[in-house]
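# Structure at a glance
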Number of protein chains: 2
Amino acid sequence: MISQTAEYALRAIVFLGNQAGEACTTAQLADEIDAPPSYLAKVMKGLTRAGIVGSQRGLHGGFTLARNPCDVTVLEVVNAVDAFHRIPQCPLGRPAHTSGLCPLHRRLDNVMAVAERSLEQATIGEVLEEPGLLCTLPCISRSALNAKHGASV
Amino acid sequence: MISQTAEYALRAIVFLGNQAGEACTTAQLADEIDAPPSYLAKVMKGLTRAGIVGSQRGLHGGFTLARNPCDVTVLEVVNAVDAFHRIPQCPLGRPAHTSGLCPLHRRLDNVMAVAERSLEQATIGEVLEEPGLLCTLPCISRSALNAKHGASV
DNA sequence: GTAATTATAGATGTGAAGATCTTTTTAGTG
DNA sequence: CACTAAAAAGATCTTCACATCTATAATTAC
C-alpha cells in the first residue's frame, strides 16, 4: 500500500516542510532522508508535477515545499508518486457484475476506502508539529539537525 | 496491500466455502476462480499449511475448507499466503528511535492497523451469506453455479 | 501388485517496480 | 560571454513478486 517510492516521497516532504523555505538539492535530500540519490531525483519529479514541491534549477537551486504543510495530506503525497488503488469493479469483469462489486470485493474495497480516508486525514503539518518525540523529522535525530543548521549550508 | 496472491487465495476460499464439503481439485478451482492453475497450486499449499483448507491426494482428492467459514477471517487468509506487514520500527533504524515510531511512521502504521482491523472483522462466512446480490461467489454467476451443481461433479 | 489421479516440492522463467547512469536544459556567477 | 550548479529527461540495469514447468509422493481403483 505504501510503496518504497511513496516512503521516499513522504520523507522528502516532511524534511522540506521542516526546512522553512530553504531550497534543498537532491543530493542533500537524499543524504538526509537516506534515499538513493538518483532514484530520489525521479521521485521528486513526480512531486513537482503534482505541484506539491517547487523546483528551481541552476546554482542555489533545489526543491522547496510549494504549499502550506497543513494543507498537504499524506494521501496527496502518496498519489503524486504512486497512485493509491481502489477496486473499481470486480476484477473478473463478468458481464453480470459490471455494476457494483461482489460481496468479497466490496469488503476488500471497503478496507481500501478505510485506509484511504485514514491517509487523507493525516496532514504533513500534523506530522511536523507532533509533540512528545525527540525528532520532528522521521528518524533524523535532533543533534544531527542542529549540526546541519549550525554548521554547513 | 491485497496482493494478487492473496486475491487468488480469497477467491479459492470463498469458492470452497460455497461447496459444502465437496473436495475440489486444483484444476477445477483454477477454472472456477480464473486463476493460473500452476500458481494456484502453490497458493493452496500455503492455505493448507495454515490449516485453513484440508487436502487429500489421489483419486477423488482435492481441497476442502477445513474450518467453519464464520470463524475464518479475511485477514487469516491473507496472512496465510502473503503476510500483512505492519511497521514494527522506524525503517531507518537510527539508534535514538529503536523504540517507538517517529510521527510519520506512527501515522503510516496507524493506517495499516486500521486496514488490518478491517480485514480481521470480515469473515468468509459473512461474505458467503451476504444478501442482496446475484452472486454469492465472487464474480461467478448463479447460472454458472447451477449448471455446475446440476450437471457434472 | 499396476495404473490413474492428485497434491507436494523445487527449479526455472517473466515482467514490473525499484534503482542507476548519462545527457540535456535551465539558471546563476564572475 | 564562458563556466558551473542543479533539475529534467530518458535509457538502461537489477531485483523480486508472480507465474510456469517438471518431477515426486500419496491415494484410490482395478
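Residues numbered from 1 in each chain as written. Chains lettered and ligands numbered in written order. Predicted model: local features only at pLDDT ≥ 70, side-chain atom pairs only at ≥ 80, totals over all residues. Heavy atoms only, no water.

## Quick look at the overall build of chain A
Across its full length, chain A carries seven helices and two strands. Going residue by residue from the N terminus, the α and β elements of chain A occur as α-α-α-β-β-α-α-α-α. Burial statistics for chain A: of 153 residues in total, 47% are counted as buried. Counting contacts in chain A only where the partners sit at least 6 residues apart, residues at least 24 apart contribute 63% of the total. With the model as given, the accessible surface of chain A reaches about 7,400 Å², and the carbon-plus-sulfur share is 50%. (Helix = DSSP H or I, 4+ residues; strand = E, 2+ residues; numbered from the N terminus. Buried < 20%, exposed > 50% of the residue type's maximum accessible area, 1.4 Å probe, protein only. Contact = heavy atoms within 4.5 Å. Areas by Shrake-Rupley, 256 points an atom, 1.4 Å probe, with all protein chains shown as cover.)

## Some points on the protein's contact with DNA strand D
Neighbouring DNA strand D are 27 residues; A:Ser55, A:Leu59, B:Thr5, B:Tyr8 and B:Pro36 lie closest to it. Among all atoms of DNA strand D positioned within 4 Å of the protein, those belonging to sugar or phosphate total 76%. Within the contact set of DNA strand D, a phosphate oxygen lies 3.1 Å away from a backbone nitrogen or oxygen of A:Thr26. At 3.4 Å from a base nitrogen of DNA strand D is found a side-chain nitrogen or oxygen belonging to A:Lys45. (Near = heavy atom within 4 Å. Polar contact = N/O pair within 3.5 Å; in protein donor to acceptor, adjacent residues only side chain to side chain.)

## What about the confidence of the model for chain A?
When the pLDDT values of chain A are averaged, the result is 82; 80% of them are 70 or greater. Throughout residues 132–153 of chain A the model reports pLDDT below 50, and contacts reaching past four residues in sequence, or to other chains, amount to 48 contacts. (pLDDT = per-residue confidence, 0-100.)

## Thoughts on the packing of helix H2 (residues 26–33) of chain A against helix H3 (residues 37–49) of chain A
Residues and elements named next belong to chain A. Interhelical geometry of H2 versus H3 gives an angle of 110° and a closest axis separation of 9 Å. Considering their axes alone, H2 and H3 lie roughly perpendicular with respect to each other. Every residue of H3 that contacts H2 at Thr26, Leu29, Ala30 and Ile33 is listed here: Pro37, Leu40, Ala41 and Met44. Tallied by class, the residues present in the contact of H2 with H3 amount to seven nonpolar, one polar and no charged. (Axes fitted to C-alpha atoms, helices over the stretch in contact; angles between N-to-C directions. Parallel < 35°, antiparallel > 145°, perpendicular 65-115°, else oblique. Nonpolar A, V, L, I, M, F, W, Y, C, P; charged D, E, K, R; others polar.)

## Focus: the pairing of strand S1 (residues 53–56) of chain A
Residues and elements named next belong to chain A. The pairing of S1 with strand S2 (residues 62–65) spans four bridges and is classified as antiparallel. Within S2, the residue paired with serine 55 across the bridge is phenylalanine 63. Between S1 and the antiparallel strand that follows it, S2, lie five residues; glycine 58 among them carries a positive phi value of about 80°. (Pairing = 2+ DSSP bridges.)

## Regarding the protein's contact with DNA strand C
Around DNA strand C sit 28 residues, and of these A:Thr5, A:Pro36, A:Arg57, B:Ser55 and B:Leu59 come closest. Each atom of DNA strand C within 4 Å of the protein belongs either to a base or to sugar and phosphate, the latter forming 75%. A:Thr5 is positioned such that a nitrogen or oxygen atom in its side chain is 2.8 Å from a phosphate oxygen of DNA strand C. B:Arg57 is positioned such that a nitrogen or oxygen atom in its side chain is 3.3 Å from a base nitrogen of DNA strand C.

## Things to note about the side chain of A:Asp109
Inspection of the secondary structure puts A:Asp109 in helix H5 (residues 103–121). Not counting residues within four places of it along the chain, the set of residues in contact with A:Asp109 comprises A:Arg86, A:Ile87 and A:Leu101.

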